[in-house]
Amino acid sequence: MPAPGADTGPPGRQAPPSEPASWEPTPWEPSVWEPPSWELPPSGPAPAVPSALPPSGPAPAAPSALPPGPKPPGFTAQESGPHASGDTRSDTSAGPPAGQVPASRAPSDMPPKPGSAPAVPPGAAAPGSGADALPSTTGGFRTPPPPPGDTADEPREAVLSVVEPPPPAGHVGSGPPTYDPEPTALPPAEPDELGDLVADTVLDGARYGTSTLRAVSVRGDSARFRGEPRRDALLTARFGTGEQALVLVAMATGARATSGAHRAAAEACRWIGQAVGRSHERLADDIRAARRGELKSGLHRLVDRSLGRLRASAAEQGVEPEEYTAGLRCLLLPADPECRTRVFFGVGAGGLFRLRDGEWQDIEPRVADTTGEAVVGFGSPPHETPEGDRLTMDLGITTPPSPYEPAPRPPHAPFRFRASVARPGDTLLLCTGGLAEPLRGEPELAEYLTTRWARAEAPGLAAFLADTSARVKGYADDRTAAAVWEA
């Protein structure tokens, strides 16, 4: 029963609790219903401020908030209020007191409290677990930033970061070659002669002193298509130890259209390697002392012995010496860092080039002492005499041999020798005719190799193989090359 004289109010309305006698107004504090802006409310009657005491009835249930999703690293949120202009605050910045959520902010925008796990509704899986969990940023994965208009609560797909490979070399020149760029047919094999099989590609490299070596031998497109073995052979060997060591690079090319061309090239490389290996100490001393005359005569003898053994092997097999022969080109590199002399020697077709200051130089040594008839373009006689008489044109018809004299033997290929001093930044290239001919005949190939090899560091083995395999239409022979980068 209410006390007599108490104001009970309208029916169904409870009377407010009685105030204490010594009641004083409490200091003003912001409530959960205050607008987020710091601006003064519009003029008019002041809004009613609810009592600080909770109502006697049950409080209405607050809307359930989803757990905040994971934020990517470096994510910042724009705050409203006086700091909104030019001020960004991190998700971990201090927010309003616990339990107070401004009405202008969605529940999912509330950042988790530092050092505490986000609240998980009953029956919901914890964030970061299960099938929807995003992978970590380690192991090649990264979390992409949220797109515009996307919320942090929506799961995003993980993206695998992959480094783009360099574009393939392809071909240079007017058009693609006729043959396929990859091997198609293997050469025939005999069960009892498996040691004669030649791999399609040979790749090697080393670093001694101030030089970095890259060497490769690749079967030509024509031989790949017809299933013929590679006629080129490559040998890289080091004789001695320490600064007294000597590195030999030997490459040989067998005669065209002969069945044993690959065997002759391999034997030529093996025999010159044995000869250099037995004399490597004296050769290294001559290179360091710059004894050019002794080097040229000594290496000439070693080449003659190697080719003489080829002719003897041809006689044992019952074939002509011209069918079992090979062109031989070699390079000697001392391991002493104080010695920058590079020695080339050999016989046969090919090329010796040097890339210096971004320009290719053809430094193939000229042969002063030639044998046989003069060749057009090198030592050929003038078209007319000093008196003005025209000379008769030579049609190239060979004279039949005399029945009383033996047929003359074909002249041997002239011996070539060159000793040069390398400079820092030089690139020396020794190659067989399969690469020398397109390098001289196709300017685009020289430009391509210039852009690839003009840098100071030597390319890796795979990159060197790709560079030397750049194809040119009309050139389908085997390619063997050795390049030396000078530090």
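Refer to the structure presented above.
J.: I'd like to hear about the overall build of the protein, residue by residue, with values.
T.: A count of helical and extended segments in the protein gives seven helices and 17 strands. Classification of the 487 residues of the protein by burial places 30% in the buried group. For the protein, contacts bridging at least 24 residues in sequence account for 66% of all contacts bridging at least 6. Element-wise, carbon and sulfur atoms account for 56% of the exposed surface of the protein, whose accessible area totals about 31,900 Å².

J.: How would you explain the sheet that holds strand β12 (residues 351-356) if you had to name every residue and give the values?
T.: Read across the open sheet, the six strands follow the order β6-β7-β17-β15-β12-β13; overall the sheet is antiparallel. At either end of the open sheet lies a strand with only one pairing partner, and these are β6 (201-208) and β13 (359-362). Put simply, the sheet's adjacent strands are angled 15 degrees from each other on average, direction ignored. Here eight bridges tie β6 to strand β7 (residues 211-218), and the two strands are oriented antiparallel to one another. For Y208, the partnering residue across the bridge sits in β7 and is S211.

J.: Can you tell me about helix α5 (residues 433-441), naming the residues and giving the values?
T.: Among all positions in α5, only G433, G434, L435, A436, P438 and L439 are buried. In this structure, the buried residues of α5 make contact with β12, β15 (427-431), α6 (443-453), α7 (461-468), β16 (471-472) and β17 (479-486).

J.: Describe the nonpolar core, naming the residues involved and giving the relevant values.
T.: Membership of the largest hydrophobic core comes to 35 residues, with the highest contact counts inside it found for I272, V276, L299, L310, L332 and F345. Elements represented by at least two residues in this core include exactly β8 (232-239), β9 (246-254), α2 (261-278), α3 (280-288), α4 (292-317), β10 (326-334) and β11 (341-347). At eight residues, α2 tops the list of elements feeding residues into this core. Excluding anything up to four places from it in sequence, I272 contacts L248, A250, L302, V303, S306, L328, C330 and F345.

J.: I'd like a description of the pairing of β12, backed by residues and values.
T.: Summarising burial for β12: six of the six residues are buried, a large majority. Alignment of β12 against β15, held across five bridges, turns out to be antiparallel. When the bridges of β15 are listed, F353 appears paired with L429. Here β12 runs beside β13; their pairing, made up of four bridges, is antiparallel. In the sheet register, F353 faces β13, and the bridge partner there is D362. The loop that links β12 with its antiparallel partner β13 comprises two residues; one of these, D357, has a positive phi angle of about 55 degrees.

J.: How would you sum up the packing of α2 against α4? Please name residues and give values.
T.: Put simply, α2 and α4 touch, their axes get as near as 9 Å, and they point 140 degrees apart. With respect to α4, the axis of α2 lies oblique. Between α2 and α4 lies a crossing whose hand is right-handed. Contacts from A264, E267, A268, W271, I272, Q274, A275 and V276 of α2 reach α4 at L302, V303, S306, R309, L310 and S313. Split into classes, the residues belonging to the contact of α2 with α4 amount to nine nonpolar, three polar and two charged.

J.: Break down the packing of aromatic side chains for me, with residues and values.
T.: Inspection of every chain in the model, using the stated rule, returns four aromatic pairs. Pairing F464 with W485 gives two aromatic rings, centres 6.1 Å apart and planes at 80 degrees, and the pair type is edge-to-face. Of this pair, F464 sits in helix α7 while W485 is found in strand β17, placing the two residues 21 residues apart along the sequence. A residue is classified by how much of its surface remains accessible, and W485, at 3% relative accessible area, is buried.

J.: Tell me about the sheet that holds β10, and name the residues and values.
T.: Taking strand neighbours across the sheet as the criterion, the five strands line up as β8-β9-β10-β11-β14 in an open arrangement whose pairing is antiparallel. What marks the edges here is a single partner per strand, and that holds for β8 and β14 (416-421). Strand-to-strand twist across the sheet, computed as the mean angle between neighbouring axes with direction ignored, equals 10 degrees. As paired strands, β8 and β9 are joined by eight bridges and run antiparallel to one another. Considered in β9, the bridge of F239 is made with L246. Where α3 meets the sheet, it contacts β8, β9, β10 and β11, and its direction lies at approximately 105 degrees from that of β9. Sheet strands touched by α4: β10, β11 and β14. Its angle to β11, the strand with the most contacts, is close to 35 degrees.

Conventions we followed
Residues numbered from 1 in each chain as written. Predicted model: local features only at pLDDT ≥ 70, side-chain atom pairs only at ≥ 80, totals over all residues. Heavy atoms only, no water. Helix = DSSP H or I, 4+ residues; strand = E, 2+ residues; numbered from the N terminus. Buried < 20%, exposed > 50% of the residue type's maximum accessible area, 1.4 Å probe, protein only. Contact = heavy atoms within 4.5 Å. Areas by Shrake-Rupley, 256 points an atom, 1.4 Å probe, with all protein chains shown as cover. Pairing = 2+ DSSP bridges. Axes fitted to C-alpha atoms, helices over the stretch in contact; angles between N-to-C directions. Core = buried A, V, L, I, M, F, W, Y, C linked by side-chain atoms within 4.5 Å. Parallel < 35°, antiparallel > 145°, perpendicular 65-115°, else oblique. Left-handed = near helix turned anticlockwise from the far one by under 90°. Nonpolar A, V, L, I, M, F, W, Y, C, P; charged D, E, K, R; others polar. Phe/Tyr/Trp six-rings, centres within 6.5 Å; stacked < 30°, edge-to-face > 60°.

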